Amino acid sequence: MNKPSSVSADNASSKVTRKVSVAIIGAGTAGQNAFRQASKMFDDVVIINEGFWTTTCIAVGCMPSKLLIAAADRAHDANHSTEFGIHTTTQIDGKQVMQRVRDERSHFASYIKKQVDSWPDDKKIAGHAHINEQGLIEVNDELIEASQIIVATGSSPFIPEGWADKLGDTLLTSNTVFELADLPKSLAVIGAGSIGLELAQAFKRLGVDVTLFNREKRVAGLKDDDINNKAIDCLSSQLTMHLGSKINEVGHNTIENEGTAAFIDYEDSAGELQQWQGEYVLVATGRRNNIKQLGIEHLGVELDDKNRPKDLSKKTGQIGDLNVYIVGDANAHIPLLHVASDEGYSAGSMVCKNNEDAYIRPPAIPFSIVFCSPQIVNVGKSLPEIQQDPDLKYVVGSVSFDNQGRSRVMGVNCGLLHIYGCKKTDRVLGASMVGPDAEYIGHILATAITNDLSVKDLLNTPFYHPTILEGLRTALQDVQHKMEIPYQFHDTQENNF
Ligand SMILES: Cc1cc2nc3c(=O)[nH]c(=O)nc-3n(C[C@H](O)[C@H](O)[C@H](O)COP(=O)(O)OP(=O)(O)OC[C@H]3O[C@@H](n4cnc5c(N)ncnc54)[C@H](O)[C@@H]3O)c2cc1C
Ligand SMILES: NC(=O)c1ccc[n+]([C@@H]2O[C@H](COP(=O)([O-])OP(=O)(O)OC[C@H]3O[C@@H](n4cnc5c(N)ncnc54)[C@H](O)[C@@H]3O)[C@@H](O)[C@H]2O)c1
């Protein structure tokens, strides 16, 4: 196997403290999977990690956010039971809510810790890695020469320039918000992407006075205008949102006897100057891959203007024909947990000597879920992508969940699903949805696209009555009607509630 191209100038090699077959930088989900795979073949594998060894997902990502949402949903249900004739008085113990988030997080972290603890100490290095001009890895007082390098350094919250200083202790990010001892009284959330939406709604449901800002009139980056408008409609009944607003200034003031207050000066979507004041500002303006400062260019890797590696194999994370792999959030391709997991596994398999036999999972189709209520899901191709392809003749099958039987029974009847069907192939090209049970509907559509099932196949599958998933069937039938395909399915249950 050829070495990373720039490795091993003779004078540098003389100071090398270790020579290894594989070095993995970053021990999050991607890095840990890569380590497990590579260790099946090589004895001389090292994994280098800075900070916690429990993964972003467990420490500050997927899990604590979903734990907070779980508490928020309980509070919401309790506060909205009157329409069912159930009258309750809710008391939210903020300290207990935040403590449960951390306790459960520790529970998940303990599994990872057990695994990591079982790895030999000499294969784990705690420290910040940097790749020097010779392509050698500097970490603590070690200089490591690796035949193959897997970079799995993840991503970090992006904070617009100057905001950290201006907001001081009133600044929160997803890295710090779960450490709050108690629920704040008021909170501004900047950014209506997945992080901003999920956390803004959760804190609001837990009784915090929340205001959400986003520069576009869009939530969760939705690309289908009808779905975006519906999402705004469903969410705005529960959340104060300033979409299309421009933030001019952020800062904090110390008020005598009252402590510190944050402020945001902004121009609302009508161009009026406004000010928000409150306790904390949660900045959720995106994440950036941890790659720029790594010295990755010394391995012959080129980055584009968005710090994405050029020549990235989306299947294995390999960069061109270099012995360098960049996986998970670090490659800024699809910064989601299941993708980090698969990419780490694939790269770890590829570096093994028998990589011809390694099972490399095909890249997953695009699929994302935002766990706000109602949930937002995108699967497969987006509407603009389909519209830009002149060869694709498509129809949009639609169903509203505003009056859908089971959704109404459950009191969760706000939503819209669009399915983009291909006229030529009778296949689902993609879908976008806001609505109840979207996570399950999304999985069915992802299964259909991945396994090349036709709309007809899907409609030949039983849909139990009464379920929210019957809404999916209505949208599929709409696709079929619009395709004007001769086998048209006449459904006797069509108008059942
Ligand atoms: C609030 C939040 C909620 C999320 N919710 C979801 C969700 O519901 N579903 C979903 O699919 N995804 C979600 N994500 C995204 C998901 O968490 C990430 O895609 C995933 O954790 C990335 O894994 P990774 O292995 O690439 O990186 P990480 O797990 O971040 O691992 C990278 C590791 O590399 C280390 N490192 C970085 N630089 C160096 C260096 N120079 N030297 C040594 N070590 C270094 C880091 O300290 C870290 O330990 C969420 C993210 C956040 C922040
Ligand atoms: N459920 C999930 O799967 C889940 C949940 C959380 C995070 N994640 C992952 O984390 C990634 C990062 O999430 P995110 O929400 O931080 O980023 P994002 O890029 O999805 O959203 C950032 C939002 O902030 C807005 N914004 C940026 N700068 C702004 C400014 N100056 N003023 C006002 N608005 C501004 C953008 O317009 C955008 O809407 C996601 O892409 C996703 O991959 C996934």
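No experiment lies behind these values; they were computed from the predicted model shown.

### With respect to the sheet that holds strand 19 (residues 375-380)
Here is step 1 of the chain: Taking strand neighbours across the sheet as the criterion, the five strands line up as 18-19-22-21-20 in an open arrangement whose pairing is antiparallel. In this open sheet, the two strands that pair with only one neighbour each are strand 18 (367-370) and strand 20 (394-400). For this sheet, the mean inter-axis angle between neighbouring strands, taken without regard to orientation, is 10 degrees.
Here is step 2 of the chain: Judged from the six bridges that link them, strand 19 and strand 22 (residues 428-435) form a sheet pairing that is antiparallel. Bridging from a neighbouring strand, Gly380 pairs with Gly430 of strand 22.
Here is step 3 of the chain: Contacts from helix 12 (residues 438-450) reach strand 18, strand 19, strand 21 (416-422) and strand 22 within the one sheet, and its direction differs from that of strand 19 by about 5 degrees.

### As for the site of ligand 1
Here is step 1 of the chain: The environment of ligand 1 is formed by 35 residues, the closest being Asn49, Glu50, Thr56, Lys66 and Asp329.
Here is step 2 of the chain: Ala30 has a polar backbone atom sitting 2.9 Å from an oxygen atom of ligand 1.
Here is step 3 of the chain: Listing elements by their share of the shell around ligand 1, those giving two or more residues are helix 2 (29-39), strand 2 (45-49), helix 3 (56-59), helix 4 (62-79) and helix 9 (337-350).
Here is step 4 of the chain: Considering each element in turn, the shell around ligand 1 owes the most residues, three residues, to helix 4.
Here is step 5 of the chain: Tallied by class, the residues present in the shell around ligand 1 amount to 17 nonpolar, 14 polar and four charged.

### Some words on the domain arrangement of the chain
Where the parts come together, the accessible area they lose is often given as the size of the interface.
Here is step 1 of the chain: Examined at the domain level, the chain breaks down into domain 1 (9-51 + 127-157 + 288-357), domain 2 (163-285) and domain 3 (367-482).
Here is step 2 of the chain: A separation of 35 Å is found between the C-alpha centroids of domain 1 and domain 2.

### So, the nonpolar core
Here is step 1 of the chain: Among the nonpolar cores identified, the biggest contains 42 residues, and Leu68, Leu187, Leu197, Phe203, Val219 and Ile376 are the most heavily contacted of them.
Here is step 2 of the chain: Mapped by element, the contributors of at least two residues to this core are helix 4, helix 5 (94-118), strand 9 (186-190), helix 7 (194-205), strand 10 (209-214), helix 8 (225-236), strand 11 (240-243) and strand 15 (280-283).
Here is step 3 of the chain: Setting aside residues no more than four positions away along its own chain, Leu187 makes contact with Leu172, Phe203, Val208, Asp209, Val210, Thr211, Trp276, Tyr280 and Leu282.
Here is step 4 of the chain: Within the second largest apolar cluster, 27 residues are counted, among which are Val379, Val428, Ala431 and Leu476.

Basis of the calculations
- Residues numbered from 1 in each chain as written.
- Chains lettered and ligands numbered in written order.
- Predicted model: local features only at pLDDT ≥ 70, side-chain atom pairs only at ≥ 80, totals over all residues.
- Heavy atoms only, no water.
- Pairing = 2+ DSSP bridges.
- Helix = DSSP H or I, 4+ residues; strand = E, 2+ residues; numbered from the N terminus.
- Axes fitted to C-alpha atoms, helices over the stretch in contact; angles between N-to-C directions.
- Contact = heavy atoms within 4.5 Å.
- Near = heavy atom within 4 Å.
- Polar contact = N/O pair within 3.5 Å; in protein donor to acceptor, adjacent residues only side chain to side chain.
- Nonpolar A, V, L, I, M, F, W, Y, C, P; charged D, E, K, R; others polar.
- Domains from an automatic or database assignment.
- Core = buried A, V, L, I, M, F, W, Y, C linked by side-chain atoms within 4.5 Å.
- Buried < 20%, exposed > 50% of the residue type's maximum accessible area, 1.4 Å probe, protein only.

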